[in-house]
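# Structural overview
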Amino acid sequence: MSGKTLKVIRAETLITGRGDPPIHEAVIVIENGRIRAVGPASEISITKKAIEFDAGDKTVLPGLIDAHVHLALGSSEDSSWEKMKDDPESLCFYAAGNAQRALVKGVTTLGDCGGVGLICIKLREAIKAGVLTGPRLRVSGTPITTTAGHLYFIGMHADNADELRKSIRWLVEKGADFIKIMATGGYMTPISNRRRAQYSESELRIAVKDAHRLERRVVVHVNGTEGIRNAVRAGVDVLAHCNWLGMKNNETIEYDESIARLAAKKGIYADLGPIGGFTREDSRWNLGCRMRENGVKVYLSSDGIGRQACRFPSDLRSLIENTDIDPLDAITMSTRIPAEAMGLHRDLGTIEPEKIADLIIVDGNPVEDPSSLERVHMVFLRGEPVVFKGRLCVKTDLKTSLLS
């Protein structure tokens, strides 16, 4: 099935990802991998011969974007990770499998925020070259941290501004799409002290300046308020986690409204991952809501590690069921907003004319039934079907009848 062939998808319901009401009895026209027209069937005329996909009473929505995963990282509970972690060739297969599982579940774009070495950069290139089927990847390469810092066991060690600059330049030279810096300690590395900053404001400012010179965005891991303050003042692009932990003791939350407003003014995004397990009472979820009230653009992610990098749809379902978020809002925070944060919004994140046709079809309507997010019927990348009923399509020769 050529990418130049006109394709038409018909569905009972369409969710654009922009936050507007669903379109019913919808039609999407795809040509050369991009959306040419979208809207109610009564308003769309098809004048050329086309291959039609009739999704019946199912729902079409943008492919999900999980901007925070770790494909080439694992945990001690994962036996496959334990077997493969010390062998780069095996680890590449491990990362590829994790990426494909996410695609099968409807996640068409992944942001890999740090793993072992340059594994995921190589995986990205293999997917681009068509060597294997996989989601779109934006990759940071190995994260930058301090000696004894968060994820020091896989990260590049940079203990001052000069070392930060050198690490950034090396990663860009090797093909990193963006830069991931551990601006505070983290829970996976107890000795790192997640409540305290790993870099000063001036060090981060120099790092951001050099990354932006090389046209790379800077995503920072921040658990503690001290690190959030430094990162916002330094002008990073994305704050990941945002726990707002104070320095005093394990119970202290220190939300700084002035810093949140400054982040909004600077156009800094907040990534609330991992969202798995959030409830209405969860402090980090409520802090994220406060950041939104202060004008910060917030998006959702799984922070899925290794074989858990495919859990985003399940996490979204749980979030919708256990908090008071509007389902359409949750979808926008999983499509349009992360696309903006990743610099991909001109091509991805919503269903509208001229966007790349990365789409998913789910069995049911997520607005009425969040569990339908886990019932992925079909996945399209650039207008080509790549997943059908939980199976990767190696050859894209599907016919309309497969949707019946």
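For every chain, the first residue of its written sequence is number 1, and the numbers climb from 1 along that sequence. With the structure being a predicted model, the display of local features is reserved for residues of pLDDT at least 70 and the display and counting of side-chain atom pairs for 80 or more, all residues being used for whole-chain, interface and lining totals. Working from all heavy atoms in the structure, the side-chain values ignore hydrogens and water.

## Quick notes on the nonpolar core
The definition of a nonpolar core used throughout is a set of buried Ala, Val, Leu, Ile, Met, Phe, Trp, Tyr and Cys residues joined through side-chain atoms within 4.5 Å. Only protein chains enter the accessibility calculation, which uses a 1.4 Å probe. A residue is then buried if its area is under 20% of the maximum for its type, exposed if over 50%, and partly exposed in between. Counting 106 residues, the largest nonpolar core has L71, I181 and L239 as the members making the most contacts within it. Top contributing element to this core by residue count: helix 2 (residues 88-104), with eight residues. By definition in these notes, contact holds between two residues if any of their heavy atoms fall within 4.5 Å. In contact with L71, not counting residues within four places along its chain, are Y94, A95, N98, A99, L110, D112, C120, L123, L137, G306 and A309. I23, A26, I35 and F380 belong to the second largest nonpolar core, which has 19 residues in total. Strands here are runs of E lasting at least two residues and helices are runs of H or I lasting at least four, both read from the DSSP assignment and numbered beginning at the N terminus.

## Considerations on the pairing of strand 17 (residues 359-362)
Every second residue of strand 17 is oriented toward a common face, with L359 and I361 on one face and I360 and V362 on the other, all of them buried. Pairing of strand 5 (residues 59-62) with strand 17, which is carried by four bridges, proceeds in the antiparallel orientation. Pairing of L61 across the sheet is with I360, part of strand 17. Strands are treated as partners if at least two bridges between them are detected by DSSP.

## Description of a nonpolar patch on the surface
Only residues whose relative accessible area exceeds 30% and that form no salt bridge are eligible for patches; like-charged ones are grouped when within 9 Å, while nonpolar side chains (Val, Leu, Ile, Met, Phe, Trp, Tyr) are grouped when within 5 Å. Methods summary: accessible areas were calculated by the Shrake-Rupley approach with a probe of 1.4 Å, and residue burial reflects only the protein chains presented. Definition used for salt bridges: Asp or Glu carboxyl oxygen within 4 Å of a side-chain nitrogen of Lys or Arg. A surface patch of nonpolar side chains, amounting to about 320 Å² of accessible area, comprises Y152, F153 and I191. Within the secondary structure, I191 sits in the loop between strand 11 (178-182) and helix 5 (201-213). Residue I191 is classed as exposed on the basis of its relative accessible area, which comes to 60%.

## Describing the sheet that holds strand 7 (residues 107-112)
Across a sheet, strands are paired by hydrogen bonds formed along the backbone, either parallel or antiparallel in direction. Sheet architecture is open: four strands sit in the order 8-7-6-16, paired in parallel fashion. Of all strands in the sheet, those with a lone pairing partner are strand 8 (136-139) and strand 16 (304-305), marking the two edges. Pairing of strand 7 with strand 8 involves four bridges; the strand directions are parallel. If you follow D112 over to strand 8, its bridge partner there is V139. Axis definition: a line fit to C-alpha positions, over the contact stretch in the case of helices; interaxial angles, taken between N-to-C directions, run 0 to 180 degrees. Strands in contact with helix 3 (residues 119-128) are strand 7 and strand 8; relative to strand 8, the strand with the most contacts, it is inclined by about 150°.

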